[in-house]
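# A structural walkthrough
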Amino acid sequence: MKVARKIDGKAKAAKLTESITLETATLLEEHGIKPGLAVVIIGENPASQVYVRNKKRTAESCGFHSVQHSLADDVSEQDVLQLIDELNNDPAIHGILVQLPLPEHLDELTVTQAISTAKDVDGFHLVNIGKLTAGHMADTFVPCTPAGCMLMIEDEIGPDLSGKNAVVIGRSNIVGKPIAALLLQANATVTITHSRTKDLPRVVSGADIVVAAVGRPNMVKADWVKAGAIVIDVGINRVEQTIDGETKSRLTGDVDYDDVSTVAGAITPVPGGVGPMTITMLMANTLRSAQRAAGLDGE
Ligand code: GUN
């Protein structure tokens with residue numbers, strides 16, 4: 001029997017995108033500024049191609065100036081850095097995103113650190129990570145996936161997480177570490193777990209809020225989860241499933257949705273949960289960057 005409420009990330013993202021579109025029109029009308037987003041994709045990674053296409057489509061639907069640079073798999077680091085330099089200096093561009101993962105010969109740190117901190121809408125620059133960690137939110141960019149997760153958690157239990165135990169599963173730089181910083185800032189008591197954590201199910205069972213971001217399909221089970229907990233599933237795993245002799249691939253999260261739904265208070269589905277919110281937060285960060293460039297606060 002299901003008890004959990006399904007958190008509809010798709011509907012929430014659509015509503016937010018609508019208000020971003022309205023604000024974008026106002027910015028253009030009152031200040032003559034159109035938010036500009038440049039997305040750089042290197043190589044042919046099929047999942048990255050899908051993500052980038054969705055980002056471009058959403059940027060266009062918000063009324064942004066949207067450009068995509070598709071670079072060959074064997075592009076030199078120097079050429080990538082030169083393109084980033086051009087985008088850093090282009091006044092029509094307010095947000096720059098280089099889709100990860102990069103081909104092996106390119107150094108992720110070198111590339112992400114080349115992006116201007118003022119256009120770093122992914123929030124991957126060490127300066128912006130430092131500001132986030134130190135709680136200086138006014139002039140940083142919060143990474144998109146954690147920002148989207150926090151909005152969904154806030155919707156469920158409000159902005160103040162005092163007295164709540166939050167357990168983050170996964171310690172990646174893109175999700176685990178920044179979401180932990182955000183939860184801490186909202187006054188939650190935060191535990192970050194990872195592959196070396198002892199007795200993970202026991203640790204998770206103490207959580208009022210669970211954020212799963214490990215990339216292991218259906219790992220989190222009902223008997224790990226406290227009754228009534230909020231469960232946010234960041235995993236996007238492609239798995240093969242054979243039904244009636246026919247093998248199909250489908251997306252699944254890190255949480256066993258049907259199982260955990262029997263105990264959780266609220267849970268995000270995959271797809272249709274965190275994913276759409278991530279793209280919307282990229283649009284929010286780009287709009288905010290354009291507003292800052294115009295000397296507006298953007299808050
Ligand atoms: N690859 C997977 N997620 C992300 C993201 O949020 N930003 C970028 N640039 N690449 C990603």
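None of the values given here were measured: they were computed from a predicted structure.

### Looking at the packing of aromatic side chains
- Following the criterion strictly, the structure yields zero aromatic pairs and no others.
- When the ring centre of Phe141 is taken as origin, the NZ or CZ atom of Arg292, which lies over that ring, is 4.6 Å away.

### Some thoughts on the sheet that holds strand E2 (residues 36-42)
- A sheet is described by the order of its strands in space; here three strands give the open sequence E3-E2-E4, paired in parallel fashion. Each having just a single partner strand, strand E3 (65-71) and strand E4 (95-98) make up the two edges of the open sheet. The average angle at which neighbouring strand axes cross in this sheet is 15°, direction not considered.
- Sheet topology note: the E2/E4 ladder contains four bridges and is parallel.

### A closer look at the environment of Ser48
- Structurally, Ser48 can be placed in helix H2 (residues 46-61).
- Spatially, the C-alpha atoms of Ser48 and Glu30 are 36 Å apart, while their sequence positions differ by 18 residues.
- With residues near it in sequence (within four places) discarded, Ser48 still touches Ile41, Gln99, Leu100 and Pro101.

### Quick word on the pattern of salt bridges
- Taken as a whole and judged by the stated rule, the model has seven salt bridges.
- In this structure, the salt-bridge partner of Asp155 is Lys12, at a minimum N-O distance of 2.9 Å. Linking Asp155 in helix H6 (residues 144-157) with Lys12 in helix H1 (residues 9-31), this pair joins segments that are 143 residues apart in sequence.
- Judged by its relative accessible area of 51%, Asp155 falls in the exposed class.
- Where Asp208 meets Lys226, a salt bridge forms, and the shortest distance between an N and an O atom there is 2.9 Å. Taken together, the residues span a long stretch of sequence, with Asp208 in the loop between helix H8 (200-204) and strand E7 (209-212) and Lys226 in the loop between E7 and strand E8 (230-233) at a distance of 18 residues.
- Judged by relative accessible area, Lys226 falls into the partly exposed class, the value being 32%.

### Thoughts on the site of the ligand
- The environment of the ligand is formed by Leu97, Val98, Gln99, Leu100, Asp122 and Phe124.
- Between Gln99 and the ligand, the recorded distance is 3.2 Å, taken from a side-chain N or O atom to a nitrogen atom.
- Between Asp122 and the ligand, the recorded distance is 2.6 Å, taken from a side-chain N or O atom to a nitrogen atom.
- Relative to its unbound accessible surface of 280 Å², the ligand loses 81% to contact with the protein.
- Grouping the constituent residues of the shell around the ligand by class yields four nonpolar, one polar and one charged.

Criteria and cut-off values
- Residues numbered from 1 in each chain as written.
- Predicted model: local features only at pLDDT ≥ 70, side-chain atom pairs only at ≥ 80, totals over all residues.
- Heavy atoms only, no water.
- Phe/Tyr/Trp six-rings, centres within 6.5 Å; stacked < 30°, edge-to-face > 60°.
- Lys NZ or Arg CZ within 6 Å of the ring centre and 35° of its normal.
- Pairing = 2+ DSSP bridges.
- Helix = DSSP H or I, 4+ residues; strand = E, 2+ residues; numbered from the N terminus.
- Axes fitted to C-alpha atoms, helices over the stretch in contact; angles between N-to-C directions.
- Contact = heavy atoms within 4.5 Å.
- Salt bridge = Lys/Arg side-chain N within 4 Å of Asp/Glu carboxyl O.
- Buried < 20%, exposed > 50% of the residue type's maximum accessible area, 1.4 Å probe, protein only.
- Near = heavy atom within 4 Å.
- Polar contact = N/O pair within 3.5 Å; in protein donor to acceptor, adjacent residues only side chain to side chain.
- Areas by Shrake-Rupley, 256 points an atom, 1.4 Å probe, with all protein chains shown as cover.
- Nonpolar A, V, L, I, M, F, W, Y, C, P; charged D, E, K, R; others polar.

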